[in-house]
Amino acid sequence: MHKHICVMPGDGIGPEIMGEALKVLKAVADKFGHTFTTENALIGGSAIDATGGPLPEATVTACRKADAVLLGAVGGPRWDTLDPSIRPEKGLLGIRKALSLFANLRPATLFPELAGACLLRPDIVGRGLDLIVVRELTGGIYFGKPAGTGVRDGKRAGWNTMVYDEEEIARIARVAFEAARKRRKKVCSVDKANVLDVSRVWREVVMEVGRDYPDVELTHLYVDNAAMQLVRDPSQFDVIVTGNLFGDILSDEASVITGSIGMLPSASLGAGNPGLFEPIHGSAPDIAGQNLANPLATILSVAMMLRHAFSLDAEANAIEKAVHTTLRQGFRTGDIMEEGKTRLGTVEMGARVVENL
Ligand code: IPM
Ligand code: MG
């Protein structure tokens, strides 16, 4: 198989972790006889430095013509004081919108090898922690109009709008139900329907879509309760479907309780456009350039890309297996280091995974 991948290393630790992920991609290509060509594109702070904006037109073009997009991370204190319209994060939001990547899949799973790092009591995680947050990514309060800042009644004010129409809700709900069918057949839709009008429409539409999936159990939770249930008993969740803002918050919570946020990949998918694959964690500017970052989430994002964008299941499984083997052999980066294990740098960790492939 030949595929063309647009690679956006981004800022902070982005270039380092991407370097290792690409080595793993190359190793998989050799092992299974595929050709993956890559093309680099700028996004975030590095794009601001080079072009004055966080999402150059050339990047959007490069992404559109690729078969898939790999992203490292964006942002850093150097760009925090810029005008909000050109902050690095705008690059990320912009590319999601430009490619209509409306479905963000964020799995939160416990790595058995890292059980000691899990933030929950053993009797709680003993019941299981294997869920996926399906977050709507191109609508809701992130993009709703009106949005802005100004003066109201003589006082400084800011405002945003949370809005969803039935099409936006139905298409993300379908992604969630389809995902559930390949898992434990449970969808929990999270909203704030006791307060928000937008949530009442959300719930109504999710229930309508649910009628097409009688084999999938559908439940609903208010977002505050969902946040609580996630730490109280995560085993009750299989697929969580929710809007952009709630999904942003709950996916951080879900991933951190596994104790290995540096380990978790994510996929952003749209209709007819290349998907974008990236680690869940950020650009960690404090450890950038020191060979300290954990490349495993980006390496696992490559696996997600192979599975979701190219339907290469065996190849994806091979990468995941190599990561598990590396952990079982006792190799750790600083973020997941435990007593008695062997501490490795970013490059050495990447090399171990390649070896285990
Ligand atoms: C995420 C991040 C982004 C978001 C930021 C960096 C714009 O927090 O991908 O979860 O809020 O979507
Ligand atoms: Mg977030």
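A. Structural detail: the overall build of the chain. Counting secondary structure elements, the chain contains 12 helices and 14 strands. By the compact-globule yardstick of 21 Å for 357 residues, the chain fits well, its C-alpha radius of gyration being 20 Å. With the principal axes as the frame, the chain shows a C-alpha extent of 60 × 50 × 40 Å. In the chain, buried positions account for 52% of the 357 residues.

B. Representation of unusual backbone geometry in the model. The omega torsion across Lys 145 and Pro 146 is 5°, close enough to zero to call that bond cis. Tracing the backbone through its elements, the reader meets Pro 146 in the loop between β5 (130-136) and β6 (148-152). Of note in this structure, Ser 100 is not a glycine but carries a positive phi near 50°. Here Ser 100 lies in the loop between α4 (88-98) and β4 (103-109). Residue classification places Ser 100 among the partly exposed positions, given a relative accessible area of 32%. At Lys 185, a position not held by glycine, the phi torsion is positive, near 60°. Position of Lys 185 relative to the elements: it lies in the loop between α6 (166-181) and β8 (186-191). Lys 185 sits in the partly exposed class, given a relative accessible area of 35%.

C. Representation of a negative patch on the surface within the structure. Judged by side-chain charge, Asp 165, Glu 166, Glu 167, Glu 204 and Glu 208 come together as a negatively charged surface patch. Going through the elements one at a time, α6 and α7 (197-210) are the ones with two or more residues in the negative patch.

D. Quick look at the nonpolar core. Among the nonpolar cores identified, the biggest contains 65 residues, and Met 305 and Leu 306 are the most heavily contacted of them. Beyond its immediate sequence surroundings of up to four residues, Met 305 is in contact with Ile 5, Leu 25, Ala 68, Leu 70, Phe 277 and Phe 310. The next biggest cluster of nonpolar side chains, apart from the first, holds 20 residues, and it includes Leu 120, Val 125, Leu 129 and Leu 131.

E. Structural detail: the sheet that holds strand β10 (residues 239-242). What the 10 strands build is an open sheet, ordered β2-β1-β3-β12-β11-β4-β5-β10-β8-β9; its pairing is mixed. Since the sheet does not close on itself, it has two edges, and those belong to β2 (35-40) and β9 (217-222), each with one partner. Neighbour-to-neighbour, the strand axes of the sheet open up by a mean angle of 25°, direction not taken into account. Pairing geometry for β4 and β5, over 7 bridges, is antiparallel. For Pro 107, the partnering residue across the bridge sits in β5 and is Ile 132.

F. Examining the layout of surface pockets more closely. The calculated volume of the largest pocket comes to roughly 810 Å³. Those elements that place two or more of their residues in the lining of the largest pocket are β4, β5, α6, β11 (265-269), α10 (296-308) and α11 (313-328). Within the lining of the largest pocket, the residues separate by chemical class into 13 nonpolar, 5 polar and 6 charged. In this structure, the second largest pocket encloses a volume near 470 Å³. Around the second largest pocket, the lining is made up of 23 residues, and of these Glu 89, Leu 92, Arg 96, Ile 280 and Gly 282 lie nearest the centre. Of all the secondary-structure elements, those providing two or more residues to the lining of the second largest pocket are β3 (68-73), α4, α9 (244-257) and β12 (275-279). Considering every element that reaches the lining of the second largest pocket, the biggest residue donor is α4, with 4 residues.

G. Region of the structure containing helix α1 (residues 14-32). Over its 19 residues, α1 extends 27 Å from the first C-alpha to the last, a length consistent with the 27 Å expected when each residue adds 1.5 Å. Listed as buried for α1 are Gly 14, Glu 16, Ile 17, Met 18, Glu 20, Ala 21, Val 24, Leu 25, Ala 27, Val 28 and Ala 29. A positive phi of about 75° marks Gly 33, the residue just after α1.

H. Quick look at empty space enclosed by the protein. Summed over all chains, the structure comprises 1 cavity of 30 Å³ or more. In this model, the largest cavity occupies a volume close to 100 Å³. Broken down by class, the residue content of the lining of the largest cavity amounts to 8 nonpolar, 5 polar and 1 charged.

I. The environment of Gly 150, seen in detail. Mapping Gly 150 onto the fold places it in strand β6. With residues up to four places along the chain from it excluded, the contact list for Gly 150 reads Lys 155, Arg 156, Ala 157 and Trp 159.

J. The arrangement of the site of ligand 1 in detail. Every residue lining ligand 1 is accounted for by Glu 89, Arg 96, Arg 106, Arg 135, Tyr 142 and Asp 248. Taking Arg 135, its side chain carries an N or O atom lying 2.8 Å from an oxygen atom of ligand 1. A distance of 2.6 Å separates an oxygen atom of ligand 1 from a polar side-chain atom of Tyr 142. Here ligand 1, which alone exposes 320 Å², has 75% of that area covered by the protein. Spatially, ligand 1 is embedded in the second largest pocket.

Definitions and limits used
- Residues numbered from 1 in each chain as written.
- Chains lettered and ligands numbered in written order.
- Predicted model: local features only at pLDDT ≥ 70, side-chain atom pairs only at ≥ 80, totals over all residues.
- Heavy atoms only, no water.
- Helix = DSSP H or I, 4+ residues; strand = E, 2+ residues; numbered from the N terminus.
- Rg over C-alpha atoms; globule rule 2.2 N^0.38 Å.
- Buried < 20%, exposed > 50% of the residue type's maximum accessible area, 1.4 Å probe, protein only.
- Patch = residues over 30% accessible without salt bridge, like charges linked within 9 Å, V, L, I, M, F, W, Y side chains within 5 Å.
- Areas by Shrake-Rupley, 256 points an atom, 1.4 Å probe, with all protein chains shown as cover.
- Salt bridge = Lys/Arg side-chain N within 4 Å of Asp/Glu carboxyl O.
- Lys, Arg positive; Asp, Glu negative; His and termini not counted.
- Charge placed at Lys NZ, Arg CZ, Asp CG, Glu CD.
- Core = buried A, V, L, I, M, F, W, Y, C linked by side-chain atoms within 4.5 Å.
- Contact = heavy atoms within 4.5 Å.
- Pairing = 2+ DSSP bridges.
- Axes fitted to C-alpha atoms, helices over the stretch in contact; angles between N-to-C directions.
- 1 Å grid on protein atoms, 1.4 Å probe; cavity = no way out; pocket = protein on both sides within 12 Å on 5 of 7 lines; lining within 4 Å.
- Points joined across faces, edges and corners; volume = space filled by probe spheres on them.
- Nonpolar A, V, L, I, M, F, W, Y, C, P; charged D, E, K, R; others polar.
- Expected span 1.5 Å × (residues − 1).
- Near = heavy atom within 4 Å.
- Polar contact = N/O pair within 3.5 Å; in protein donor to acceptor, adjacent residues only side chain to side chain.
- Sits in = over half its atoms within 2 Å of the grid points.

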